[in-house]
Each structure stands twice: as structure tokens, then as C-alpha cells.
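Observations on chain architecture
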Amino acid sequence: MRERMELGELLRQQRIDLSTLEHAPASPTARERALRVKRPPPWPCVVCGNEGAISRPYTSPEHGPRWVDLCMPHAILTWPPAPGMPTTTAGILADLQEVAAERGLTVRILSEEEFEEMGRRARERRMKERRERP
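A brief structural summary. Quick caveat, the model's predicted, so the values are computed rather than measured.

With that settled, the discussion passes to the side chain of Asp69. With respect to the helices, strands and loops of the structure, Asp69 is situated in strand S2 (residues 64-70). Only 2.4 Å separates the side chain of Asp69 from the side chain of Ser55, close enough to count as a polar contact. Leaving out residues up to four positions away in the same chain, Asp69 has contacts with Arg36, Arg39, Trp43, Pro44, Cys45, Val46, Ile54 and Ser55.

Okay, structure coming up:
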């Protein structure tokens with residue numbers, strides 16, 4: 001998981017040419033935002049080109065307000081944190097472990113490889129059970 005960053009920082013880091021983005025209202029209403037998101041797909045994320053999930057306005061001094069279309073991973077990366085919520089991976093994991101401990105549970109983080117291996121073994125067990133049924 002990547003750490004959170006401001007939308008402007010992401011746009012600068014990825015060298016997004018803001019002049020190519022569509023103009024946005026200075027303060028779009030909820031209806032304007034909804035219409036933007038509901039327009040017919042596919043519309044690409046300005047960062048990676050994958051299918052967009054949300055549109056947010058971004059205002060720069062040089063270009064004024066522009067619509068920024070983002071896929072879900074890039075939207076989450078730039079979403080402002082809720083007040084009082086941890087903003088780092090370590091902080092999130094510490095909170096999860098604390099809640100689990102309060103409930104008498106343990107938390108273990110799985111690597112992608114471990115998760116895939118667990119799935120492979122579960123599929124093998126199901127196949128074996130199906131073969132053994134009369």
C-alpha cells in the first residue's frame with residue numbers, strides 16, 4: 001500500500017499537463033459531480049489510463065479549476081483522511097491489531113503469495129471432496 005498524498009502532488013509527480021484536462025466549475029455542486037461521474041464510460045484515469053471511478057475538481061493558479069478523473073486506487077491514494085484516522089500503513093495496522101486484541105483475536109498480515117497459496121490449497125481441497133463424493 002502506498003502512503004497517501006495530496007492530489008496536486010500526484011499530478012505534479014506524474015507530470016500531468018493540466019491544460020489538457022476539462023475545465024470544471026470553481027465549486028461544483030453535488031449534481032455536477034454526479035453527472036460527471038455518470039457520463040458514459042470508458043473514461044480513463046489521468047494517471048494510469050485505467051477506467052475512471054471518480055472525478056474531482058483541482059484548481060491550479062495557472063489553469064484554474066479542472067476535472068481530474070481517477071481510478072479507484074488513485075482516488076483512494078489522494079482522498080483526504082477522516083479526522084482522527086491513521087494515515088500511514090503502520091498506523092492502520094496498529095489500529096487493527098489493537099481492535100483485534102480487545103476482542104481476543106490475532107491479526108496476521110498475508111503476503112500476496114501466501115494469499116494465493118491459501119486459495120490454491122482451498123481449490124484443491126474442494127476438488128478432492130467432489131471426487132470423493134459418491
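Anyway, onward from the coordinates.
Looking now at the pattern of salt bridges. Taken as a whole and assessed by the stated rule, the structure comprises eight salt bridges. Salt-bridge contacts for Arg36 lead to Asp69; the nearest nitrogen and oxygen are separated by 2.9 Å. Taken as a pair, Arg36 in helix H2 (residues 30-38) and Asp69 in strand S2 lie far apart in primary sequence, 33 residues in all. Note on accessibility: Arg36 and Asp69 belong to one class, buried. Notably, a salt bridge pairs Asp69 with Arg39, separated by 2.8 Å at the nearest N-O pair. Separated by 30 residues along the polypeptide, Asp69 in strand S2 and Arg39 in the loop between H2 and strand S1 (54-60) bring together distant segments of the chain. Shared partners join several salt bridges into a network, and the residues in it are Glu22, Arg36, Arg39 and Asp69.

As a rule of thumb, non-glycine residues mostly have phi less than zero, and peptide bonds are mostly trans rather than cis. Its identity as a non-glycine residue notwithstanding, Arg15 has a phi of 55°, on the positive side. Within the element layout of this structure, Arg15 appears in the loop between helix H1 (7-13) and H2. When its relative accessible area of 74% is taken as the criterion, Arg15 is described as exposed.

Once that is clear, we can look at the packing of aromatic side chains. Taken as a whole, this structure holds zero aromatic pairs when the rule is applied. Note that Arg39 overlies the ring of Trp43, its terminal NZ or CZ placed 4.3 Å from the centroid.

Residues Arg123, Arg125, Arg126, Arg130 and Arg133 make up a contiguous surface patch of positive charge. With respect to the helices, strands and loops of the structure, Arg133 is situated in the segment after helix H5 (112-132). Residue classification places Arg133 among the exposed residues on the basis of a relative accessible area of 57%.

With 16 residues, the main nonpolar core has Leu7, Leu10, Leu11, Tyr58, Val68 and Leu70 as its most contacted residues. Listing elements by their share of this core, those giving two or more residues are H1, S1, S2 and helix H3 (72-78). With three residues, H1 is the single largest residue contributor to this core. Excluding its chain neighbours within four sequence positions, the residues that come into contact with Leu70 are Leu7, Leu10, Cys45, Val46, Val47, Gly52, Ala53, Ile54, Ala75 and Thr78.

Judged by side-chain polarity, Ile92, Leu96, Val107 and Ile109 come together as a nonpolar surface patch covering roughly 320 Å² of accessible area. Secondary-structure assignment places Ile92 in helix H4 (residues 89-102).

Analysis parameters
Residues numbered from 1 in each chain as written. Predicted model: local features only at pLDDT ≥ 70, side-chain atom pairs only at ≥ 80, totals over all residues. Heavy atoms only, no water. Helix = DSSP H or I, 4+ residues; strand = E, 2+ residues; numbered from the N terminus. Polar contact = N/O pair within 3.5 Å; in protein donor to acceptor, adjacent residues only side chain to side chain. Contact = heavy atoms within 4.5 Å. Salt bridge = Lys/Arg side-chain N within 4 Å of Asp/Glu carboxyl O. Buried < 20%, exposed > 50% of the residue type's maximum accessible area, 1.4 Å probe, protein only. Phe/Tyr/Trp six-rings, centres within 6.5 Å; stacked < 30°, edge-to-face > 60°. Lys NZ or Arg CZ within 6 Å of the ring centre and 35° of its normal. Patch = residues over 30% accessible without salt bridge, like charges linked within 9 Å, V, L, I, M, F, W, Y side chains within 5 Å. Areas by Shrake-Rupley, 256 points an atom, 1.4 Å probe, with all protein chains shown as cover. Lys, Arg positive; Asp, Glu negative; His and termini not counted. Charge placed at Lys NZ, Arg CZ, Asp CG, Glu CD. Core = buried A, V, L, I, M, F, W, Y, C linked by side-chain atoms within 4.5 Å.

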